[in-house]
Amino acid sequence: MNEDLKVNLSGLPRDYLDAAAAENISAAVSSRVPAVKPEPELVVNPWDIVLCTSGTLISCENAIVVLIIFHNPSLRAPMFLLIGSLALADLLAGIGLIINFVFAYLLQSEATKLVTIGLIVASFSASVCSLLAITVDRYLSLYYALTYHSERTVTFTYVMLVMLWGTSICLGLLPVLGWNCLRDESTCSVVRPLTKNNAAILSVSFLFMFALMLQLYIQICKIVMRHAHQIALQHHFLATSHYVTTRKGVSTLAIILGTFAACWMPFTLYSLIADYTYPSIYTYATLLPATYNSIINPVIYAFRNQEIQKALCLICCGCIPSSLAQRARSPSDV
């Protein structure tokens, strides 16, 4: 009797109380079970797609150049070794852009960010250094024309290759070894996780190499003009193939220098004045032209060279066109 009174003190029927208790228990159980949140949709930045597409084109172009030089034993002159170094650096840069896209959307972690940015920095640094090495080699081939084909030139070329790749690898290892802004965002540059100081060093180094390339190009022009003047004094109005190809090499250097500055100068100057607080669209807009330099390099250097053209024709159609077969080979024809 007492139990019945206790149950009916609320004035509600027993069935209603049982239903309410069941609802309370169900609510308590559901509150302990973590709610399953819907996974956010993967939003891809259109700029990243453009960079990945650029990386794919860079990789395909330069892979052809690397394979041609690697499989052709006749392409072992110093100039071709430097062209191969440039193509290999641009190939790695293109692969780095592709890997950066994949890791950014499929495998996000601090380690992948550091490895990717290290690969991109090292490869683009090697590309710029290879351009400088080619300019130095072009100057030496004109200034020391009589001794250019000696063993000393080949040794000097290998020394340049070791130095430029060693320096580029060291620059690429800096973010991996701890010189990054993952722990302190206030030190980030326009390219995370590079620090502002790291980006400044890379930018100043680029400006220094550009100034050196410009000075060498001016000296090359002076040598060519002096040679042309000597020929005119000697009444040799029919220029030899050496000077014809030398002029061609000079015009090529002019194209290279112009495209090099147009592609890299915007990003270089922007990296010096901006930091992580600036809108990312400015970084993409200046970085994208820099990648175009690696697309243009094979066209300027490799595919305009007659020896590489011959090797490419042999691979594609198994023959050499008569227009190429009749042309004399010259190291100045770059």
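A few points on the structure. (Residues numbered from 1 in each chain as written. Predicted model: local features only at pLDDT ≥ 70, side-chain atom pairs only at ≥ 80, totals over all residues. Heavy atoms only, no water.)

## Let's talk about the nonpolar core
Now for step 1: Counting residues in hydrophobic clusters, the biggest one holds 63 residues, and the most contacted among them are I83, F260, W264, Y301 and I308.
Now for step 2: Counting residues per element, the ones that place at least two in this core are helix 3 (46-71), helix 4 (78-106), helix 5 (110-143), helix 6 (151-176), helix 7 (196-233), helix 8 (241-273), helix 9 (280-302) and helix 10 (306-317). (Core = buried A, V, L, I, M, F, W, Y, C linked by side-chain atoms within 4.5 Å. Buried < 20%, exposed > 50% of the residue type's maximum accessible area, 1.4 Å probe, protein only. Helix = DSSP H or I, 4+ residues; strand = E, 2+ residues; numbered from the N terminus.)

## What about the state of the cysteines?
Now for step 1: Overall, the coordinates contain one disulfide when judged by the stated rule.
Now for step 2: The disulfide that involves C181 links it to C188, with 2.0 Å between the sulfurs. On the sign convention where negative means left-handed, the S-S torsion of about 95 degrees between C181 and C188 marks this disulfide as right-handed. (Disulfide = S-S within 2.5 Å.)

## Section: the packing of aromatic side chains
Now for step 1: According to the stated counting rule, one finds eleven aromatic pairs in the structure shown.
Now for step 2: Plain terms: the ring middles of F124 and W264 are 5.4 Å apart, the flat faces sit at 80 degrees to each other, and that makes the pair edge-to-face. Linking F124 in helix 5 with W264 in helix 8, this pair joins segments that are 140 residues apart in sequence.
Now for step 3: Classification of W264 as buried rests on a relative accessible area of 10%.
Now for step 4: Relative to Y282, the ring of Y270 lies with its centre 6.5 Å away and its plane at 75 degrees, an arrangement referred to as edge-to-face. Of this pair, Y270 sits in helix 8 while Y282 sits in helix 9, placing them twelve residues apart in sequence.
Now for step 5: Through successive ring pairs, a cluster of aromatic residues spans F124, F206, F210, F260 and W264. (Phe/Tyr/Trp six-rings, centres within 6.5 Å; stacked < 30°, edge-to-face > 60°.)

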